[in-house]
Amino acid sequence: MENLTIVEHPLVQHKLTKMRKKDTPTNHFRQLLREISLLLAYEITRNLNMSEVNVETPLEEFQAPTLDGKKLALISILRAGNGLLDGVLDLIPSARVGFVGLYRDEKTLKPVQYYFKVPGELSERVVITLDPMLATGNSASAAIDLLKGAGAKTIRFLCLLAAPEGVKTLSAAHPDVPIVTAALDRQLNDIGYIMPGLGDAGDRMFGTK
Ligand code: URA
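Let me sum up the structure you'll find in this document. (Residues numbered from 1 in each chain as written. Predicted model: local features only at pLDDT ≥ 70, side-chain atom pairs only at ≥ 80, totals over all residues. Heavy atoms only, no water.)

### Brief notes about the pattern of salt bridges
Side chains that carry opposite charge are capable of pairing whenever their charged atoms lie near each other. If you walk through the whole model with that rule in mind, you get nine salt bridges. The salt bridge involving Asp-185 is made with Arg-20; its shortest N-O contact spans 2.8 Å. Note that Asp-185 is positioned in the loop between strand 12 (183–184) and strand 13 (187–188) and Arg-20 in helix 1 (residues 10–20), a separation of 165 residues in sequence. Linked through salt bridges whose partners overlap, the residues forming this network are Arg-34, Asp-86 and Asp-90. (Salt bridge = Lys/Arg side-chain N within 4 Å of Asp/Glu carboxyl O. Helix = DSSP H or I, 4+ residues; strand = E, 2+ residues; numbered from the N terminus.)

### Re the sheet that holds strand 12
On the basis of which strands lie adjacent, the open sheet formed by three strands has the order 8-10-12 and parallel pairing. Strands with a single pairing partner mark the edges of an open sheet, and in this sheet they are strand 8 (133–134) and strand 12. Of the pairings in the sheet, the one linking strand 10 (residues 161–162) to strand 12 comprises two bridges and is parallel in character. The residue bridging Leu-161 from the neighbouring strand is Ala-183, located in strand 12. (Pairing = 2+ DSSP bridges.)

### Description of the pairing of strand 7 (residues 126–130)
Each regular strand shows side chains that alternate between the opposite faces of the sheet. Within strand 7, five of the five residues are buried, leaving the element largely enclosed by the surrounding structure. Along strand 7, one buried face is formed by Val-126, Ile-128 and Leu-130 and the opposite face, lined by Val-127 and Thr-129, is buried too. Across four bridges, strand 4 (residues 73–77) lies against strand 7 in parallel orientation. Bridging across to strand 7, Ile-75 finds its partner in Thr-129. Direction of pairing for strand 7 relative to strand 9 (residues 154–158): parallel, over a ladder of five bridges. Directly across from Val-127, in strand 9, lies its bridge partner Ile-155. (Buried < 20%, exposed > 50% of the residue type's maximum accessible area, 1.4 Å probe, protein only.)

### Side note on the packing of helix 1 against helix 2 (residues 26–44)
In the contact formed by helix 1 and helix 2, the axes pass within 10 Å of each other and the chain directions differ by 155°. The pairing of helix 1 with helix 2 is recorded here as roughly antiparallel in orientation. Here the hand of the crossing between helix 1 and helix 2 comes out left-handed. Between helix 1 and helix 2, the contacting residues are Leu-11, Val-12, Lys-15, Leu-16, Lys-18 and Met-19 on the first element and Phe-29, Leu-32, Leu-33, Glu-35, Ile-36, Leu-39 and Leu-40 on the second. In the contact of helix 1 with helix 2, the residues fall into 10 nonpolar, no polar and three charged. (Axes fitted to C-alpha atoms, helices over the stretch in contact; angles between N-to-C directions. Parallel < 35°, antiparallel > 145°, perpendicular 65-115°, else oblique. Left-handed = near helix turned anticlockwise from the far one by under 90°. Contact = heavy atoms within 4.5 Å. Nonpolar A, V, L, I, M, F, W, Y, C, P; charged D, E, K, R; others polar.)

### Quick word on the site of the ligand
Lining the immediate environment of the ligand, one finds Met-133, Ala-135, Gly-192, Tyr-193, Ile-194, Gly-199, Asp-200 and Ala-201. The contact in question runs from an oxygen atom of the ligand to an N or O atom on the backbone of Ile-194, over 2.8 Å. Take Gly-199: an N or O atom from its main chain is 2.8 Å from a nitrogen atom of the ligand. Contact with the protein chains removes 83% of the 240 Å² of surface that the ligand exposes when unbound. Placement of the ligand is best described as lying within the largest pocket. (Near = heavy atom within 4 Å. Polar contact = N/O pair within 3.5 Å; in protein donor to acceptor, adjacent residues only side chain to side chain. Areas by Shrake-Rupley, 256 points an atom, 1.4 Å probe, with all protein chains shown as cover. 1 Å grid on protein atoms, 1.4 Å probe; cavity = no way out; pocket = protein on both sides within 12 Å on 5 of 7 lines; lining within 4 Å. Sits in = over half its atoms within 2 Å of the grid points.)

### Observations concerning the sheet that holds strand 5 (residues 96–104)
Spatial strand order, 1-11-9-7-4-5-6: seven strands in an open sheet with mixed pairing. What marks the edges here is a single partner per strand, and that holds for strand 1 (4–6) and strand 6 (111–117). Taken over all neighbouring pairs, the strand axes of this sheet differ in orientation by 20° on average, direction set aside. Relative to strand 5, strand 4 is paired through five bridges, and the arrangement is parallel. Bridge assignment links Ala-73 to a residue of strand 5, and that residue is Arg-96.

### Quick look at the nonpolar core
One finds Leu-160 and Leu-198 to be the most contacted residues of the largest nonpolar core, which totals 37 residues. For this core, the elements supplying multiple residues, two or more each, are helix 1, helix 2, helix 3 (82–91), strand 7 and helix 6 (201–206). Here this core gets seven residues from one element, more than from any other, and that element is helix 2. Not counting the four nearest positions on each side in its chain, Leu-160 is found in contact with Leu-16, Met-19, Leu-33, Ile-36, Leu-40, Asp-131, Pro-132, Thr-181, Ala-182, Ala-183 and Leu-198. Formed by 23 residues, the second largest nonpolar core is a distinct cluster that contains Leu-4, Ile-75, Val-127 and Ala-142. (Core = buried A, V, L, I, M, F, W, Y, C linked by side-chain atoms within 4.5 Å.)

Shown next as structure tokens:
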């Protein structure tokens, strides 16, 4: 799984353990997700391109490092991706934001697009796709198909939990897309939930059932 980075930082792992507990209330779950997503965003932006600018400090001028290129694009896969968005924006407030809405067709079981709104000049931006649960990998792969169709060339995928099945599917469909996650869990169950997982991420962050 060479595309996969697991962030083993103690703070990430401690917060994730709290999120997994079934009795963690909605407000804590949401807050923990916001905190973890900031830490995961730190990791996924580790190797952004840099250039130099001339800076005058109170003491002298020098060439200082700065981020190169256009503002990043954060793409939330609705609805659970929105749970990662705020924490990533806390770290990268100037990022542009887009949304991809997909539902699963009951007959074909394939993802169908119902919403797609992304920032312009996608081909010139580093695009970070957000979805907390990489389960089957089908919606992630479909979302990235759409982003590539819209011109995106440099895409990364940020999730909280991944299943081996999802990593395999996404990496096979998009070998150029690095995946960053807090944990690689054991497997999917027969209804597509990640085990041991944390349940339905959308329901847990929004208090729906
Ligand atoms: N989506 C979720 O919210 N949870 C899972 O375990 C799998 C997909």
